[in-house]
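Residues per chain, in single letters:
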There are 2 protein chains.
Amino acid sequence: MGLIVQKFGGTSVGSVNKILNVAACVKEERERGNNVVVVVSAMGKSTDTLVGLAKEISPKPNKRDMDMLLSTGEQVTISLLSMALNKLGMDAVSFTGWQAGIVTEPVHGNARITKMNTDAIKTQLTAGKVVIVAGFQGITEDGEITTLGRGGSDTTAVALAAALKADKCDIYTDVTGVFTTDPRYVKDARKLLSVSYDEMLELANLGAGVLHPRAVEFAKNYQVRLEVRSSIEKIEGTVIEGEAAMEQNLVVRGVAFEDEITRVTVLGLTNSLTSLSTIFTTLAQNNINVDIIIQSTTETGTANLSFSIHTNDWVETLNVLENNKGVLGYEQLDAENKLAKVSIVGSGMISNPGVAAKMFEVLANNNIQIKMVSTSEIKVSAVVEEKNMLKAVEALHKAFGLGNN
Amino acid sequence: MGLIVQKFGGTSVGSVNKILNVAACVKEERERGNNVVVVVSAMGKSTDTLVGLAKEISPKPNKRDMDMLLSTGEQVTISLLSMALNKLGMDAVSFTGWQAGIVTEPVHGNARITKMNTDAIKTQLTAGKVVIVAGFQGITEDGEITTLGRGGSDTTAVALAAALKADKCDIYTDVTGVFTTDPRYVKDARKLLSVSYDEMLELANLGAGVLHPRAVEFAKNYQVRLEVRSSIEKIEGTVIEGEAAMEQNLVVRGVAFEDEITRVTVLGLTNSLTSLSTIFTTLAQNNINVDIIIQSTTETGTANLSFSIHTNDWVETLNVLENNKGVLGYEQLDAENKLAKVSIVGSGMISNPGVAAKMFEVLANNNIQIKMVSTSEIKVSAVVEEKNMLKAVEALHKAFGLGNN
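Going by what an unreviewed UniProt entry lists, chain A is known as Aspartokinase and is assigned to Neobacillus vireti LMG 21834. As stated in UniProt under Subunit (unreviewed entry), the record for chain A gives "Tetramer consisting of 2 isoforms Alpha (catalytic and regulation) and of a homodimer of 2 isoforms Beta (regulation)." According to its UniProt record, chain A has this under Catalytic activity (unreviewed entry): "L-aspartate + ATP = 4-phospho-L-aspartate + ADP".

Would you explain the overall build of chain A in this entry?
Broken down by element type, chain A carries 12 helices and 18 strands. For a compact globule of 405 residues, the expected C-alpha radius of gyration is about 22 Å, and chain A comes in at 23 Å, within 12% of that figure. Overall, chain A is about 75 × 55 × 30 Å in size when its C-alpha atoms are taken along their principal axes. Here chain A, with 405 residues, has 57% of them falling under the buried criterion.

Help me understand the sheet that holds strand β9 (residues 168-173) of chain B in this model?
Neighbouring strands of a sheet are bound in pairs by backbone hydrogen bonds; such pairs are parallel or else antiparallel. Residues and elements named next belong to chain B. The eight strands lie next to each other as β3-β6-β2-β1-β9-β11-β12-β10, forming an open sheet whose pairing is mixed. Each edge of the open sheet carries a strand with a single partner, namely β3 (92-95) and β10 (194-196). Going across the sheet, the axis of each strand differs from the next one's by a mean of 20°, ignoring polarity. The sheet contact formed by strand β1 (residues 3-8) and β9 spans five bridges and is parallel. Following the sheet pairing, Gln 6 is matched in β9 by Asp 170. Helix-sheet contacts for helix α1 (residues 16-31) involve β1, β2 (35-40), β6 (130-134) and β9, and the interaxial angle to β1 is about 165°.

Is there a simple way to explain the state of the cysteines in this structure?
Here, the word disulfide means a covalent bond between the sulfur atoms of two cysteines. Residue and element names in this part refer to chain A. Scanning the entire structure with this criterion turns up zero disulfides over all chains. No disulfide involves Cys 25; its nearest neighbouring cysteine sulfur is the one of Cys 169, lying 13 Å away. For Cys 25, a relative accessible area of 6% gives the class buried. The buried category is assigned to Cys 169, whose relative accessible area is 0%.

Can you help me understand the environment of A:Gly151 in this one?
Positionally, A:Gly151 belongs in the loop between β8 (145-147) and α5 (152-163). Put simply, A:Gly151 and A:Ala215 are 64 residues apart on the chain and 7.0 Å apart in space, counted from C-alpha to C-alpha.

Where do I start with the environment of B:Phe179 in this structure?
Structurally, the position occupied by B:Phe179 is in the loop between β9 and β10. Sequence spacing of B:Phe179 and B:Gly254 is 75 residues, and the spatial spacing of their C-alpha atoms is 7.1 Å.

Looking at this model, I keep getting lost on the confidence of the model for chain A. Mind explaining?
Averaged over all residues, the pLDDT of chain A equals 90, while 96% of them reach at least 70. Scored as a complex, the prediction yields pTM 0.83 and ipTM 0.80.

Looking at this model, I keep getting lost on the domain arrangement of chain A. Mind explaining?
Often, the extent of an interface is quoted as the loss of accessible area on bringing the components together. Per the domain assignment, the segments of chain A are domain 1 (3-173) and domain 2 (254-399). Distance between the C-alpha centres of domain 1 of chain A and domain 2 of chain A: 38 Å.

Thresholds applied
Residues numbered from 1 in each chain as written. Chains lettered and ligands numbered in written order. Predicted model: local features only at pLDDT ≥ 70, side-chain atom pairs only at ≥ 80, totals over all residues. Heavy atoms only, no water. UniProt positions renumbered as here; feature names shortened; annotations may be inferred. Helix = DSSP H or I, 4+ residues; strand = E, 2+ residues; numbered from the N terminus. Rg over C-alpha atoms; globule rule 2.2 N^0.38 Å. Buried < 20%, exposed > 50% of the residue type's maximum accessible area, 1.4 Å probe, protein only. Pairing = 2+ DSSP bridges. Axes fitted to C-alpha atoms, helices over the stretch in contact; angles between N-to-C directions. Contact = heavy atoms within 4.5 Å. Disulfide = S-S within 2.5 Å. pLDDT = per-residue confidence, 0-100. Domains from an automatic or database assignment.

Written as structure tokens, this is what we have:
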């Protein structure tokens, strides 16, 4: 008898009918002879409703109270799912985060798990019960309710699978798996049967954000075997594990992309050594995420700096830079909007030096200008004009042999 | 510096605006120089919504899951109230039932409090914070979430006031206090400035059920000074304490009444000794509450039995009795609907033997037939026809000098 951790997100538990569907799904797994731990999120839009109530009271509610408020969402789901399982004749027990022994650091809104006390869960599993755990939430050593931030329920599921040494952690979603690129935009996109943890980390933005990078990292660290699969269609999903089976010996496994990128350029930095760290520290303090960074030194000894941000952060970024012009010491600011980032991802790249060159060639052949480039061991990203994004994705998807044909 | 426990029910926290109003009320108390512990219920109809979800899944959801589900209601309120207090510049901390150290027996749906671990609350009070506690809920020694059943938030408030040795426990409601009779029906009804615990127990049904008898009993046992007062009008309410100040030396303090009473009569009981206990045990097992019971023995040695029930239970009561006819051994069943119960209440009755006689006289003078009578040390109840109920209440209210004139 194996042990499977199943995770169902907010969309999968968005109504009473969907919860009954989840219960049926749990029952099937149980009838395959496995013990089951189920992790669930809050029902559909219920988190938004709670956030709405808080915002009506205060534009900046304190984080401890937000955790107190939001953690009720999953608590509603676990009790309803337990009732649904009872209705199907199954013995089940529901646990909040603290009852499940999920201990976190003393931080509100975005706590990391520090310890798992799984005795209570093990006792119930031994008693033959399905254990239902509220995702996204934990408790500090001092008994404070915390939440795990974005991707929290994925993280809860993976952490439980690791602590319980589960055979597998199934992430049920509304897509059927991880694709070579987003199937909503590229018809030729193909579902991958297996990807490695590292590839999944880079591909995390593909397939409608099926899995949070943080959960993938956790799974990688504890070697938890993950599968992303559909809660509606009963078909094989995508397995995420240590070494992905090399399908067709493909070097590139997927093409990721995102739009609404802005490139900010700072010209004539005089004190490039100190001003670089000052700029990015200041931006970080203002919660502005910087992605690609490129620096070049001119002949006169000053430096030029370019970096990419989400377009939403554009106005604030310029404000921050202008307000700190005196400290930073630059000549001119420039920004370009309506850009996009296209990335190719694959573990096989490490031993394949020609991959980046091929990418640039494909883009050049399609008359797509590259504005910025960034590379990691298993990823090459190019910033291009937004209007060229899908053309670039389709061309790369085809050139690296990812399609169905 | 004193310590005040304030309790606000579901109607008083039914919307964001009402929660802001509660926060203002708490702030006023704090500014009078007192430490404050606030107990709140779930927002307005939110409990009904949760019950609705559960019923959609299962007609008989298990009680552990119902507690898990319903306890989220107060948790939402405490976090929102804490945000509202922050907004007013107050330092506050919200506690669920288990965080507040409210320990109950291991029973779901209707648990009794067994222990109060108030250390966490005391620490926060010492730190100068307003402490907000979720009413209606607790935790077992084994870490199971429980709820306290009807009147649960009142009970939480009183239990906290007792454990913390608070100077007073203020029960805020949508009425201004406890009245001599229900002001919605009797114009002449007058607010009482003070009643004793025992009187309050008997009057509990007056004034739109402002206070649950269970909380009153708790307050009596621990000598907690209670005040029932309005969350909207800033006026004196009704104080409930050991010995009520004898206003105008009144023997009778209030007139309570309820309609939809049915009288069931069982004629010709042969085995009256055993069948009496069998009847009431069987009815209790079917969750039928019996109020007044009258038994008489006939000349032939058989017994006749009459008892009153809520009319809602009428059909089931007859079914139970008919299904058990063989065991019970009676000749005939009879039932009379459209009855009502009118009661006079007052501690002064104990030393005033003529009170019951005066009540019967008043009813007789008004041509109101008495169907059943029951007396306790501080109450006399008469069952009359429903159509005569208000006439009886008004006549008694006047005859015992309870009105404003």
